[in-house]
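Remarks on the overall topology
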Amino acid sequence: MRRKLIAGNWKMNMFKEDGLNLVRQILSHVEGQKLPFDVLVCPPFTLLSDVCHAVNGKVFVGSQDVSVVSEFGAFTGDVSAKMVADIGAEYAIVGHSERRAGRGDTDAIVQEKAFNTIEAGLIPVICVGETLEEREAGKALDIVSAQVRGSLPKNVNGTVVIAYEPVWAIGTGKIPTLEDVAQMHNTIRAVLTEMLGPDTADQMRILYGGSVKPGNAKELLAVSNVDGALIGGASLKADDFWAIAATQL
Ligand code: PEP
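Report follows, based on the coordinates. Because the structure is a prediction, the values reported are computed rather than measured. (Residues numbered from 1 in each chain as written. Predicted model: local features only at pLDDT ≥ 70, side-chain atom pairs only at ≥ 80, totals over all residues. Heavy atoms only, no water.)

Across all of its chains, the model carries 15 salt bridges by this definition. Across the salt bridge formed by K113 and D105, the nearest N and O atoms sit 2.8 Å from each other. Between E130 and R135 there is a salt bridge, with the nearest N and O atoms lying 2.6 Å from each other. E130 gets classed as buried once you look at its relative accessible area, which sits at 0%. Residues joined by salt bridges that share partners form a network here, namely D65, R99, D105 and K113. (Salt bridge = Lys/Arg side-chain N within 4 Å of Asp/Glu carboxyl O. Buried < 20%, exposed > 50% of the residue type's maximum accessible area, 1.4 Å probe, protein only.)

We now examine the packing of aromatic side chains. Scanning the entire structure with this criterion turns up three aromatic pairs. Consider the rings of F37 and W242, whose centres lie 6.0 Å apart with planes at 45°: the pair is tilted. In this pair, F37 is assigned in strand β2 (residues 37-42) and W242 in helix α11 (residues 238-246), connecting sequence segments 205 residues apart. (Phe/Tyr/Trp six-rings, centres within 6.5 Å; stacked < 30°, edge-to-face > 60°. Helix = DSSP H or I, 4+ residues; strand = E, 2+ residues; numbered from the N terminus.)

All right, on to the nonpolar core then. Of all hydrophobic cores here, the largest spans 65 residues; its most connected members are I162, I188 and L192. With six residues, helix α8 (residues 178-196) is the largest single contributor of residues to this core. Once you skip the residues sitting within four places of it in the chain, L192 turns out to touch V148, L152, I162, G197, A201, M204 and I206. (Core = buried A, V, L, I, M, F, W, Y, C linked by side-chain atoms within 4.5 Å. Contact = heavy atoms within 4.5 Å.)

Near the ligand lie 14 residues; those nearest to it are K11, E165, G171, S211 and G233. Residue S211 places a main-chain N or O atom 2.7 Å away from an oxygen atom belonging to the ligand. Starting from 290 Å² of accessible surface for the ligand in isolation, the protein chains cover 97%. Per-class residue counts for the shell around the ligand are four nonpolar, eight polar and two charged. (Near = heavy atom within 4 Å. Polar contact = N/O pair within 3.5 Å; in protein donor to acceptor, adjacent residues only side chain to side chain. Areas by Shrake-Rupley, 256 points an atom, 1.4 Å probe, with all protein chains shown as cover. Nonpolar A, V, L, I, M, F, W, Y, C, P; charged D, E, K, R; others polar.)

The next subject is the pairing of strand β8 (residues 228-231). Of the two faces of β8, the one carrying G228 and L230 and the one carrying A229 and I231 are both buried. As defined by bridge partners, strand β1 (residues 4-9) adjoins β8 across four bridges and the pair is classed as parallel. Opposite L5, over in β8, you have G228 as the bridge partner. Two elements, strand β7 (residues 205-209) and β8, share two bridges in a ladder whose sense is parallel. By the bridge assignment, Y208 is partnered in β8 with A229. (Pairing = 2+ DSSP bridges.)

Here it is as structure tokens:
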């Protein structure tokens with residue numbers, strides 16, 4: 001039985017006090033509870049260390065990216081997976097569409113980042129998803145299957161998380177039909193099974209991301225092979241983030 005993962009991607013938002021307030025409000029729902037799901041917050045690099053200290057292991061913390069390089073060196077502006085692990089985080093998002101489209105992350109780069117993430121002892125959340133043009137051309141299943149094949153590293157294990165995020169649903173308020181979500185998640189599970197065998201593939205969580213809100217979370221999270229949500233905009237307000245999580249109580 002896969003435990004659902006409710007994950008917040010704060011993107012490039014939050015000064016220190018606002019971020020710590022947000023996390024304190026999330027903690028107020030979590031503390032003393034035995035939740036039937038995992039909670040993950042992914043603040044910007046500037047807040048990772050403070051948020052790790054604030055949550056004190058009560059929710060998981062992840063970065064929004066890692067460097068493609070794993071060792072120290074002259075890579076100005078980069079932060080390696082090992083450095084993220086060193087400050088106490090447990091996860092790292094890799095291959096978010098905003099980095100694939102805006103920062104040139106190819107499948108090969110995402111694969112390398114995911115490899116380094118696992119080597120550092122972190123769990124990668126590997127994002128995949130089609131553009132609107134690709135969906136309208138009937139290519140969504142093929143595109144996403146190819147992204148999964150191209151982005152999974154060879155050291156993959158059952159803890160690795162895939163996030164299906166249709167690019168056209170991110171930040172737009174639009175979501176796919178539940179039938180389309182089911183078809184995509186079932187397809188991703190089939191690709192994982194073909195690549196890794198049923199034992200590993202069955203353990204891996206496949207999140208849905210793209211305009212998840214309190215009003216649509218329950219139905220999205222009830223879809224076959226949807227093992228959680230990656231939440232952008234709605235993760236910036238504790239009430240909205242928790243309303244989404246609370247649909248799983
Ligand atoms: C995201 O950026 O990962 C995301 C899903 O954003 P939003 O929830 O705002 O669509």
